Amino acid sequence: MSIPSLRIARFNRILGALPRAALERIIPDLDLKPLKMRQVVQPRGRPLEQVVFPVAGVASMVSMGDSGDSVEVATIGCEGMVGLPLFLGGKSAAVEVFIQVPGEGLHLPTAAFEGHVEHEPSLTRTLLLYTQALLTQIAQCSACNCHHPVVERCARWLLQTHDRVEGDEFPLTHDFLGLMLGVRRASVTETARALQERELIRYHRGVITVLDRDGLEEAACECYQLISGEFDRLLVRVAHRRLASL
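Nothing here was measured: the structure is a model prediction, and the numbers come from that model.

> When you look at helix H11 (residues 223–234) in this model, what are you seeing that I'm missing?
Structurally, the α-helix is built with 3.6 residues per turn, so residues lying three or four positions apart point the same way. Helix length check: H11 (12 residues) gives 17 Å between terminal C-alpha atoms against 16 Å at 1.5 Å per residue, within 8%. The set of residues buried in H11 consists of Cys223, Tyr224, Ile227, Ser228, Glu230, Phe231 and Leu234. Projected down its long axis, H11 shows its buried positions confined to an angular sector of 150°, all on one face.

> Quick question: what am I supposed to make of the pairing of strand S8 (residues 207–210) here?
Regular strands place their side chains on alternate faces of the sheet. As paired elements, strand S6 (residues 169–171) and S8 share 3 bridges and run antiparallel to each other. When the bridges of S8 are listed, Pro171 appears paired with Val207. In this sheet, S8 lies alongside strand S7 (residues 201–204) in antiparallel orientation, the contact comprising 4 bridges. Bridging across to S8, Tyr203 finds its partner in Ile208. The hairpin turn running from S7 into S8, its antiparallel successor, is 2 residues long, and Arg205 in that turn takes a positive phi close to 50°.

> Can you walk me through helix H5 (residues 110–119) in this structure?
Three or more residues of H5 are buried, namely Thr110, Ala112, Phe113, His116 and Val117. On an axial view of H5, the arc spanned by its buried residues comes to 165°, and they lie on one face. Residues of H5 that are exposed and angled more than 90 degrees away from the buried face: Ala111, Glu118 and His119. In this structure, the buried side of H5 is in contact with helix H3 (20–26), strand S3 (50–64), helix H4 (84–87), strand S5 (96–109) and helix H6 (121–147).

> Would you explain unusual backbone geometry in this entry?
A negative phi angle characterises most non-glycine residues, just as the trans form characterises most peptide bonds. Even without being a glycine, Glu199 presents a positive backbone phi close to 60°. For Glu199, a relative accessible area of 58% gives the class exposed.

> In this structure, what is going on with the side chain of Thr161? I would like to understand it.
Relative to the helices and strands, Thr161 resides in helix H7 (residues 150–162). Of the residues examined, Thr161 reaches a relative accessible area of 0% and is grouped as buried. If near-sequence neighbours (up to four positions away) are discounted, Thr161 is found in contact with Val58, Gln100, Val101 and Phe170.

> What is the right way to read the packing of H6 against H11 from this model?
Packed helix pairs are specified by the crossing angle of their axes together with the interaxial distance, meaning the distance between the axes. Running from N to C, H6 and H11 point in directions that differ by 175°, and their axes come no closer than 9 Å. Judged on the interaxial angle alone, H11 and H6 are roughly antiparallel. Contact residues: Leu129, Tyr130, Gln132, Ala133, Leu134, Thr136, Gln137, Gln140, Cys141 and Cys144 in H6; Cys223, Leu226, Ile227, Glu230, Phe231, Arg233 and Leu234 in H11. In terms of residue class, the contact of H6 with H11 is made up of 11 nonpolar, 4 polar and 2 charged.

> Explain the nonpolar core to me, please; I cannot follow it from the model alone.
Side chains of nonpolar character tend, in soluble globular proteins, to be buried together. Counting 47 residues, the largest nonpolar core has Phe53, Met81, Phe113 and Tyr130 as the members making the most contacts within it. Residues contacting Phe113, with those up to four places away along its chain left out, are Val51, Met81, Leu86, Phe87, Leu108 and Leu127. Trp157, Val165, Ala192 and Leu216 belong to the second largest nonpolar core, which has 28 residues in total.

Rules and cut-offs
- Residues numbered from 1 in each chain as written.
- Predicted model: local features only at pLDDT ≥ 70, side-chain atom pairs only at ≥ 80, totals over all residues.
- Heavy atoms only, no water.
- Helix = DSSP H or I, 4+ residues; strand = E, 2+ residues; numbered from the N terminus.
- Expected span 1.5 Å × (residues − 1).
- Buried < 20%, exposed > 50% of the residue type's maximum accessible area, 1.4 Å probe, protein only.
- Arc of directions from axis to C-beta.
- Pairing = 2+ DSSP bridges.
- Contact = heavy atoms within 4.5 Å.
- Axes fitted to C-alpha atoms, helices over the stretch in contact; angles between N-to-C directions.
- Parallel < 35°, antiparallel > 145°, perpendicular 65-115°, else oblique.
- Nonpolar A, V, L, I, M, F, W, Y, C, P; charged D, E, K, R; others polar.
- Core = buried A, V, L, I, M, F, W, Y, C linked by side-chain atoms within 4.5 Å.

Worth remembering: the numbers are spatial, not functional.
Here's what the structure looks like:
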């Protein structure tokens, strides 16, 4: 078990928004663990054994039909928490969450989480605000996928991921990006080529490099600013520092 420091815990925006005294009471129950690519951190239809507060990396919330088709409905990074159904009174989830960009997360067992929610009003208030922001993201992404061109949607998705990783590079396969955007492999290739021709990104051997952040923001639809603005409005802005600098 690896108990995090107060500084590491504050890398997550939900935990970082809590009063120091409340966070110090929660820290002994947190376990800092790596988050590996494709790792399922919220299974579908099975009892949830823990919640996870990412401090680095990105998780994808995916809705799956009986036919096996999947579509991403939200992403979760250092601003959020995996396992929200436990906070809302459920014991399992209808959607799966898996890691798409590896990193690290603070794991909190279900029983300990429920105890802290019961005794820490500040945690409850912050999680309610996060729930509102996450619902905004889910609703806006749904509208975005229906109404905006795939290039604009891809730019929005890349910006959301870039916000949650260290540096300008992150791993991303064609298959992953196709799942995230709900398009076929050929459309992924065309979209990536369009952004590369504008020198906004470089995409080589499953690695995305953001070359022009400002240009990528101009290429994205308005959904990016709306979603990120809602998280900034509802949650205390917490600087994301490099874990390696500690």
